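# Secondary and tertiary structure notes
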Amino acid sequence: MGEIEQKPSPGSRLGAPENSGVSTLEHGQKLPPTPSGKLMSIKIQMLDDTQEAFEVPQRAPGKVLLDAVCNHLNLVEGDYFGLEFPDHKKITVRPKHVVVKFVVKFFPPDHTQLQEELTRYLFALQVKQDLAQGRLTCNDTSAALLISHIVQSEIGDFDEASDREHLAKNKYIPQQDALEDKIVEFHHNHIGQTPAESDFQLLEIARRLEMYGIRLHPAKDREGTKINLAVANTGILVFQGFTKINAFNWAKVRKLSFKRKRFLIKLRPDANSSYQDTLEFLMASRDFCKSFWKICVEHHAFFRLFEEPKPKPKPVLFSRGSSFRFSGRTQKQVLDYVKEGGHKKVQFERKHSKIQSIRSLATPPTEPNSEVPKQVSKWLLPNFLSIWSQKELLFFFFNTSHPQIGSLTGSPHLSELSINSQGGAVPASVILSPNLSPDTKQSSPLVSPLLNDQACPRTDDEEEGRRKRFPTDKAYFIAKEVSTTERTYLKDLEVITSWFQSTVSKEDAMPEALKSLIFPNFEPLHKFHTSFLKETEQRLALWEGRSNAHIRGDYQRIGDVLLKNIQGMKQLAAHLWKHSEALEALETGIRSSRRLENLCRDFELQKVCYLPLNTFLLRPLHRLMHYKQVLERLCKHHPPSHPDFRDCRAALAEITEMVAQLHGTMIKMENFQKLHELKKDLIGIDNLVIPGREFIRLGSLSKLSGKGLQQRMFFLFNDVLLYTSRGLTASNQFKVHGQLPLYGMTIEESEDEWGVPHCLTLRGQRQSIIVAASSRSEMEKWVEDIQMAIDLAEKSSGPTPEFLASSPPDNKSPDEATVADQESEDDLSASRTSLERQAPHRGNTMVHVCWHRNTSVSMVDFSVAVENQLSGNLLRKFKNSNGWQKLWVVFTNFCLFFYKSHQDNHPLASLPLLGYSLTIPSESEDIHKDYVFKLHFKSHVYYFRAESEYTFERWMEVIRSATSSASRAHILSHKESHVY
């Protein structure tokens, strides 16, 4: 990210600030010398008002002391904090009598960016201090609501007598007595809220107050008017008293400097602005001015840069200006570090709370027999104890499906492998774990067969023996792929014919006409493919010599079985044609009936419905492509003289004809299904699904605004580009912030202009936005697809009508001070409590995977994923485990689903693969087995072992399609060579 030029004028002196007020101890600043001795003892006043003494080397940098405090607290996100001390001269005289304060230094715009419960607790303590000291000013309603959450975290659930006694002993704000009745009233609404939830709600309210995190620095403008300057994550703010009168966002500021006691802001040229090129403010002294300048430099670097700025080389002869640079991790580096999960999470104590809080219980102690602390929160489930000794839990971040129990982890991570409390699949709602608010209610996982080494037998010798008995012909493994994928296809049909039909029969929510359109057109397919699977498995048994071994030679082929059954499928074509009509009718019924919508939504939460419901309606069309691919491989493998070649070629001709007839319908229905699926993930939008609209790409980009670079989800269609942010509601949907019609849009790379890596400027007819991708390859994909979409829009009839429902188009430029979704203080009293419930949490969709993995996926990728589906047994091994465990694995929709056996009705766990790397283990990894591939994402590593060279290559092929996207040109040329 680009750095503003931040230099003092040439005459500036070096040295630490010597303010008469409070100063911040900078990372590189040396601690003052002590009268004697090599170590100095410094008292630190913590945020909970306790004091701790720390011994540090006499001339150590300030960072040493700050690190010592963070280590003492086991604080992972210590980069948000700093140390404040009184006048510098006083420390040099009697350092042991001086108390340094541990404080919050950087206040992020969104408290959900704080990923650790301890960090949020410390921020809550800072808010409590600011309220008491009069720094955080707000109206009476906001103050009472804030204090009510503090009281809930300290004494627990409402009891009027206890409340009033507690408030009499503790003063949280000046003139508190006048607010007591209102505080008690609000506290009554928080029953059942844990201390962690109270912290979260407190920060949710505080972050929307104008004075949140603001530290005022007295100054005067050019006319001599007294004002206050402040710096925040967004830029430099100007106050008159406690009222903000102006703001200069980082995007507007070109250079910051100071000359003696004049603080200078040089702005970027703007024809629409009435401001002068350079603004000048007068401060009390040079040291005050330099201190504020340094604070600005640090805030800009922390919130706006991708990584710590590199120090400039020291001049050989003369020094001009200050050499001060921000040192330490930027916010992005902190977020990335915590998301990698490489740190150890431990307990912490809430000093002022009568309720013990345990942090991050999802990661167990390192010792297998460690005991659980005796004092645990009243909301901790007893059955959570059963996971305490599972070492393999270290490899995952878990979330499960019980709707009544609060999250124990507060984990911001994506669940790498998700397991539910019955050892079964997590419902579709909770496979991912985005920045969990206390509203996201989930229970604790119990022991699962996937977690317990003893639950699955060691299979090394058994598998080696079986492998030696397998036929070695490649055609056998191709035929076996038909069998394994047919098992999965049959289970997918049963989701409709058995599970969904059973649910519908119990509720009077679906019209009879819709029932007769869906179920009678799926039941004949289920019956047919049950027979087909049986015949295929009988042929494989003969091929393997498991029966009728004396006639084995006559049955080492599969073409005749495929030809017979594909000819039988042609008799079912009438049913296949009805599936697109059934999909459209179901979505129409859902739009017109709230009961049917609720029924389908609830069914999608069942464990058997491991994919979106409407995906199962398209499975028969997808399956035809799989038969075609198998027959293409068989025809390529067999020479024309082979006995099976003639039947395989005939079967290929038959299936190619069927696919060609249905291909247009399938492409149309895939787009239709994707639009309806995206509609469920978005709020604030109408008419997403309209004739002619085509989905092209979705993914995560950073949008440059007045608050700096902020993560947004973008949705590209053939006529419009939407950008959204992830909501904080229990439904976890994405809120639409704005739309950019593609008609008349231009796109250009602007890395040099803004100093942001992989940066693009999108210029629409009414609005321009600046975005940054996570990598060069991601940027190129977006450029290619956006340019293609612009070309399509130019060839259309004209601009697209607006279709945002409740949100007006965001016409603001990145230079403006506010954003469209800025909440007002008046909304605070209406803040939703943690006891309220909304729509079910949608956490496992591809949109959320892209959000957490900071990547994107296109409709072309989805089409390739449809072709690349696979099922079969794999042996799995963790990075630090000893043996291999046998699992039934299904690959579909960019995700691996794990089952104990192919007979199970629902998966035990799932692993989304977007963002993962696929490689072959190196010699140093000490695997020493054939046909092993490795999946890894940051610190998460899994090994999988296939049974043959053919199956190994197939798993590598299909997984590679999910872990890396080819260019559009490559994909299209591939498709042209396999015309349906």
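All values derive from a computational prediction rather than experimental measurement.

### A look at the overall build of the protein chain
- For the protein chain, the helix and strand inventory stands at 25 helices and 29 strands.
- Scored against the burial criterion, the 980 residues of the protein chain give a buried share of 58%.
- Only carbon and sulfur atoms are counted for the fraction: they give 49% of the accessible area of the protein chain, which is about 40900 Å².

### With respect to helix α16 (residues 594–604)
- All buried positions along α16 are accounted for by L596, L599, C600, F603 and E604. Viewed end-on, α16 has its buried residues packed into an arc of 135°, placing them on one side of the element.
- Looking at the buried residues of α16, the elements they touch are α11 (474–506), α12 (512–518), α15 (573–592), α17 (613–617) and α19 (645–681).

### Quick look at the pairing of strand β9 (residues 235–240)
- Counting buried positions along β9 gives five out of six residues, so the element sits mostly inside the fold.
- Here four bridges tie strand β8 (residues 226–231) to β9, and the two strands are oriented antiparallel to one another. Within β9, the position partnered with N228 by the bridge is F239.
- Here β8 folds back onto β9, and the loop between the two strands holds three residues.
- Two elements, β9 and strand β10 (residues 243–249), share six bridges in a ladder whose sense is antiparallel. Across the sheet, the residue bridging to V238 is N246, located in β10.
- Joining the antiparallel neighbours β9 and β10 is a turn of two residues, in which G241 adopts a positive phi near 70°.

### Quick look at the packing of α15 against α16
- Relative to each other, α15 and α16 sit at 120°, their axes nearing to 5 Å. Two secondary-structure elements touch here, α15 through L586, G589, I590 and S592 and α16 through R594, L596, E597 and C600.
- When its residues are assigned to classes, the contact of α15 with α16 shows four nonpolar, two polar and two charged.

### Considering the packing of aromatic side chains
- According to the stated counting rule, one finds 31 aromatic pairs in the structure shown.
- Judged by centre distance (5.2 Å) and plane angle (80°), the rings of F107 and Y212 are edge-to-face. One end of the pair, F107, is in the loop between β6 (99–104) and α3 (117–133); the other, Y212, is in the loop between α7 (195–206) and β7 (217–220), and 105 residues separate them in sequence.
- Here the aromatic rings of F734 and W851 are separated by 5.5 Å at their centres, their planes lie at 70°, and the arrangement is edge-to-face. Of this pair, F734 sits in strand β18 (residues 734–741) while W851 sits in helix α22 (residues 846–853), and the two are 117 residues apart along the sequence. You'll find F734 and W851 in the same group, each marked buried.
- Taken together through their ring pairs, the aromatic side chains of Y80, F81, F102, F106, F107, F123, Y212, F302 and F303 make up a single cluster.
- The residue whose ring lies beneath R329 is Y337, and the NZ or CZ to ring-centre distance is 4.7 Å.

### Quick notes on the state of the cysteines
- Overall, the coordinates contain zero disulfides when judged by the stated rule.
- The thiol of C635 is not disulfide-bonded; the next cysteine sulfur, from C648, is found 5.3 Å away.

### Some details on the pattern of salt bridges
- Evaluated as defined, the whole model comprises 46 salt bridges.
- Two residues, K332 and D336, come together in a salt bridge whose shortest N-O distance is 2.9 Å. Of this pair, K332 and D336 are both found in helix α9 (residues 331–340), four residues apart, which corresponds to roughly one turn of the helix.
- Looking at K332, the relative accessible area reads 33%, which means it is partly exposed.
- For D336, a relative accessible area of 27% translates into the label partly exposed.
- One salt-bridge network, held together by shared partners, links E160, R164, E180 and D181.

### As for the sheet that holds strand β26 (residues 909–912)
- With respect to topology, seven strands assemble into an open sheet ordered β26-β25-β24-β23-β29-β28-β27, the strand pairing being antiparallel. Edge positions in the sheet fall to β26 and β27 (917–919), since each has one partner strand and no second. When strand polarity is set aside, the average angle formed by the axes of neighbouring strands in this sheet is 35°.
- The pairing of strand β23 (residues 870–878) with strand β24 (residues 885–892) spans seven bridges and is classified as antiparallel. Note that in β24 the partner of L870 across the bridge is F891.

### Describing the nonpolar core
- Among the nonpolar cores identified, the biggest contains 76 residues, and F500 and I518 are the most heavily contacted of them.
- Every residue in contact with I518, bar those within four places of it in the chain, is listed here: I496, M510, A582, L586 and L617.
- Judged by nonpolar contacts, the second largest core, of 69 residues, contains V56, L65, L202 and M211.

### A few points about the environment of D140
- Relative to the assigned elements, D140 resides in helix α4 (residues 140–155).
- Between the C-alpha atoms of D140 and L179, which are 39 residues apart in sequence, the distance is 7.1 Å.
- Setting aside anything within four residues of it in sequence, one finds D140 in contact with L179 and K182.

### A look at the environment of T330
- Mapped onto the elements, T330 comes out in the loop between α8 (286–304) and α9.
- In sequence terms T330 and A301 are 29 residues apart; their C-alpha atoms lie 6.7 Å from each other.
- Sequence-distant contacts of T330, that is, excluding residues within four places in its chain, are made with A301, F302, L305, F306, E307 and E308.

### A few points about the packing of helix α14 (residues 559–570) against helix α18 (residues 619–637)
- The geometry of α14 relative to α18 is characterised by a closest axis approach of 13 Å and an angle of 150° between their N-to-C directions. Taken together, the axes of α14 and α18 are roughly antiparallel relative to one another. Judged by the twist between their axes, the crossing of α14 over α18 is left-handed. Every residue of α18 that contacts α14 at L562, I566 and M569 is listed here: L624, Y627, L631 and L634.
- Within the contact of α14 with α18, the residues separate by chemical class into seven nonpolar, no polar and no charged.

### Some thoughts on unusual backbone geometry
- Positioned with a positive phi, D49 is a non-glycine residue whose angle comes to about 75°.
- Judged by its relative accessible area of 49%, D49 falls in the partly exposed class.
- Located in the positive-phi region is H758, a residue other than glycine, with phi close to 55°.
- Looking at where H758 falls in the secondary structure, it is placed in the loop between α20 (751–754) and β20 (759–763).

### Some points on helix α24 (residues 949–963)
- An ideal rise of 1.5 Å per residue puts 21 Å on 15 residues; α24 measures up with 21 Å between its terminal C-alpha atoms.
- Listed as buried for α24 are Y950, T951, F952, R954, W955, M956, V958, I959, S961, A962 and T963.

### Focus on the confidence of the model for the protein chain
- The pLDDT averaged across the protein chain works out to 77; a share of 72% of its residues lies at or above 70.
- Counting contacts from residues 804–842, a segment whose pLDDT is below 50, to residues more than four positions away or on other chains yields 105 contacts.
- Counting contacts from residues 966–980, a segment whose pLDDT is below 50, to residues more than four positions away or on other chains yields 24 contacts.

### Regarding the environment of A219
- Here A219 shows up in strand β7.
- By relative accessible area, which is 7% here, A219 ends up buried.
- It is 9.2 Å that separates the C-alpha atoms of A219 and F263, two residues lying 44 residues apart in sequence.
- Residues in contact with A219, not counting those within four places in the same chain, are T225, K226, I227, L229, L282 and M283.

### Here we look at the side chain of R623
- Locating R623 in the fold gives a position in helix α18.
- The exposure class of R623 is buried, given its relative accessible area of 4%.
- If near-sequence neighbours (up to four positions away) are discounted, R623 is found in contact with V482, T485, E486 and Y489.

### Notes on the side chain of H575
- Tracing the backbone shows H575 in helix α15.
- Reaching out from H575, the side chain makes a polar contact with the side chain of N521 at a distance of 2.9 Å.
- Discounting residues that sit within four places of it in the chain, H575 has contacts with P520, N521 and P524.

Rules used in this analysis
- Residues numbered from 1 in each chain as written.
- Predicted model: local features only at pLDDT ≥ 70, side-chain atom pairs only at ≥ 80, totals over all residues.
- Heavy atoms only, no water.
- Helix = DSSP H or I, 4+ residues; strand = E, 2+ residues; numbered from the N terminus.
- Buried < 20%, exposed > 50% of the residue type's maximum accessible area, 1.4 Å probe, protein only.
- Areas by Shrake-Rupley, 256 points an atom, 1.4 Å probe, with all protein chains shown as cover.
- Arc of directions from axis to C-beta.
- Contact = heavy atoms within 4.5 Å.
- Pairing = 2+ DSSP bridges.
- Axes fitted to C-alpha atoms, helices over the stretch in contact; angles between N-to-C directions.
- Nonpolar A, V, L, I, M, F, W, Y, C, P; charged D, E, K, R; others polar.
- Phe/Tyr/Trp six-rings, centres within 6.5 Å; stacked < 30°, edge-to-face > 60°.
- Lys NZ or Arg CZ within 6 Å of the ring centre and 35° of its normal.
- Disulfide = S-S within 2.5 Å.
- Salt bridge = Lys/Arg side-chain N within 4 Å of Asp/Glu carboxyl O.
- Core = buried A, V, L, I, M, F, W, Y, C linked by side-chain atoms within 4.5 Å.
- Parallel < 35°, antiparallel > 145°, perpendicular 65-115°, else oblique.
- Left-handed = near helix turned anticlockwise from the far one by under 90°.
- Expected span 1.5 Å × (residues − 1).
- pLDDT = per-residue confidence, 0-100.
- Polar contact = N/O pair within 3.5 Å; in protein donor to acceptor, adjacent residues only side chain to side chain.

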